[in-house]
Amino acid sequence: MTAEMVTPAWMHNQISAEQQYDSWSEEQCAGIEIVDGMIVVSLSASKRHNRLARVLADALDAAAGPDWNADTDFDVRLRDVPLTNRRPDVIVYRAETIDLTPTRPEHVLLVVEVVSPGSETTDRIVKVDQYAKAGIPFYWRIEQAVTGVPIIYTYVLDPATNAYRDGEMFTGVIKAAAPFSVTVDLGIT
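Starting afresh in each chain, residues are numbered from 1 along the sequence in its written order. Residues qualify for local features only when their pLDDT is at least 70, as the model is predicted, and side-chain atom pairs are given and counted only at 80 or more; totals for whole chains, interfaces and linings, by contrast, use all residues. Side-chain measures here rest on the full set of heavy atoms in the structure, leaving out hydrogens and waters.

## A closer look at the pairing of strand β1 (residues 32-35)
Turning to step 1, where the next piece is worked out: Alternating positions in β1 separate into two faces, Ile-32 and Ile-34 on one and Glu-33 and Val-35 on the other, with burial throughout.
Turning to step 2, where the next piece is worked out: A strand pair is defined by DSSP finding two or more bridges across the two strands. Each helix is a run of DSSP H or I of at least 4 residues and each strand a run of E of at least 2, with the numbering of both proceeding from the N terminus. Pairing between β1 and strand β2 (residues 38-41): four bridges, direction antiparallel. By the bridge assignment for β2, Val-35 is matched with Met-38.
Turning to step 3, where the next piece is worked out: A loop of two residues connects β1 with β2, the two strands running antiparallel in sequence, and Asp-36 in this loop sits at a positive phi of about 50°. For each residue, the accessible area found with a 1.4 Å probe, counting protein chains only, is set against the maximum for its type, and the residue is called buried under 20%, exposed over 50%, and partly exposed in between.

Listed below in structure tokens is the structure:
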């Protein structure tokens, strides 16, 4: 006997913010992203992935001061039509916008993606382009090296081209991050 995975019908249709997504519960929205109106379901992240994201979010939140918050598991509405919502692994956003829904790119300073098996192309190419076009000033990508020490790639938005240019690369420890200073040891093995 074989088991088949049955997906709900609503996952096969293009959706819009006004008609559907904005009325869904947090449980329905957790673990999904919307790209061009279509639902994208991600595999559950590993414990290592979640820990890296949480350690980084905690350090960024402590360094950010009263004007910025850092969180995990947070939607960013990149575009209304067609609807595109991304859920970065870590987000740094303006503290005064904590109760605004949806969170928009103009509220966001930094998004971070921790690359997992299966998300390599999306995190290295697709999301980079989407975040840049949305105008988010900083993008960080964290990858697990063969040695087990994380490698952090940083990118800075060039407003003239709406594309990211390479920033600094760190191995295991982030020593400084614009516009605030932070030291984060991500040496999780």
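## Points about the environment of Ala-53
Turning to step 1, where the next piece is worked out: On the secondary structure map, Ala-53 appears in helix α2 (residues 47-64).
Turning to step 2, where the next piece is worked out: Along the sequence, Ala-53 and Glu-113 sit 60 residues apart, while their C-alpha atoms lie 8.2 Å from each other.
Turning to step 3, where the next piece is worked out: If sequence neighbours within four positions are ignored, Ala-53 has contacts with Thr-72, Asp-89, Val-90 and Val-114. In what follows, residue pairs with any heavy atoms lying within 4.5 Å of each other are defined as contacts.

## What about the side chain of Asp-89?
Turning to step 1, where the next piece is worked out: Tracing the sequence through the fold places Asp-89 in the loop between β5 (84-86) and β6 (90-94).
Turning to step 2, where the next piece is worked out: If near-sequence neighbours (up to four positions away) are discounted, Asp-89 is found in contact with His-49, Ala-53, Asp-71, Thr-72, Asp-73, Val-112, Glu-113 and Val-114.

## Section: the packing of aromatic side chains
Turning to step 1, where the next piece is worked out: Only Phe, Tyr and Trp rings are paired, with Trp represented by its six-membered ring, and only when their centres lie within 6.5 Å; those with planes under 30 degrees apart are stacked, over 60 edge-to-face, the remainder tilted. Under the counting rule described, the total for this entry stands at five aromatic pairs.
Turning to step 2, where the next piece is worked out: Ring geometry for Phe-74 and Tyr-93: centres 4.6 Å apart, planes at 25°, overall stacked. In this pair, Phe-74 is assigned in the loop between β3 (68-71) and β4 (76-79) and Tyr-93 in strand β6, connecting sequence segments 19 residues apart. For the pair Phe-74 and Tyr-93, one class covers both residues: buried.
Turning to step 3, where the next piece is worked out: Through successive ring pairs, a cluster of aromatic residues spans Tyr-131, Tyr-139, Tyr-155 and Tyr-164.

## Let's talk about the environment of Asp-73
Turning to step 1, where the next piece is worked out: Note on placement: Asp-73 falls in the loop between β3 and β4.
Turning to step 2, where the next piece is worked out: For the pair formed by Asp-73 and Arg-86, sequence separation is 13 residues and the distance between their alpha carbons is 10.0 Å.
Turning to step 3, where the next piece is worked out: Setting aside anything within four residues of it in sequence, one finds Asp-73 in contact with Arg-87, Pro-88 and Asp-89.
Turning to step 4, where the next piece is worked out: Within polar-contact distance, the side chain of Asp-73 engages the side chain of Arg-87 at 2.5 Å. Polar contact criterion, stated in full: a pair of N or O atoms within 3.5 Å, where within protein one must be able to donate a hydrogen and the other to accept it, and residues adjacent in sequence count only if both atoms are side-chain atoms.

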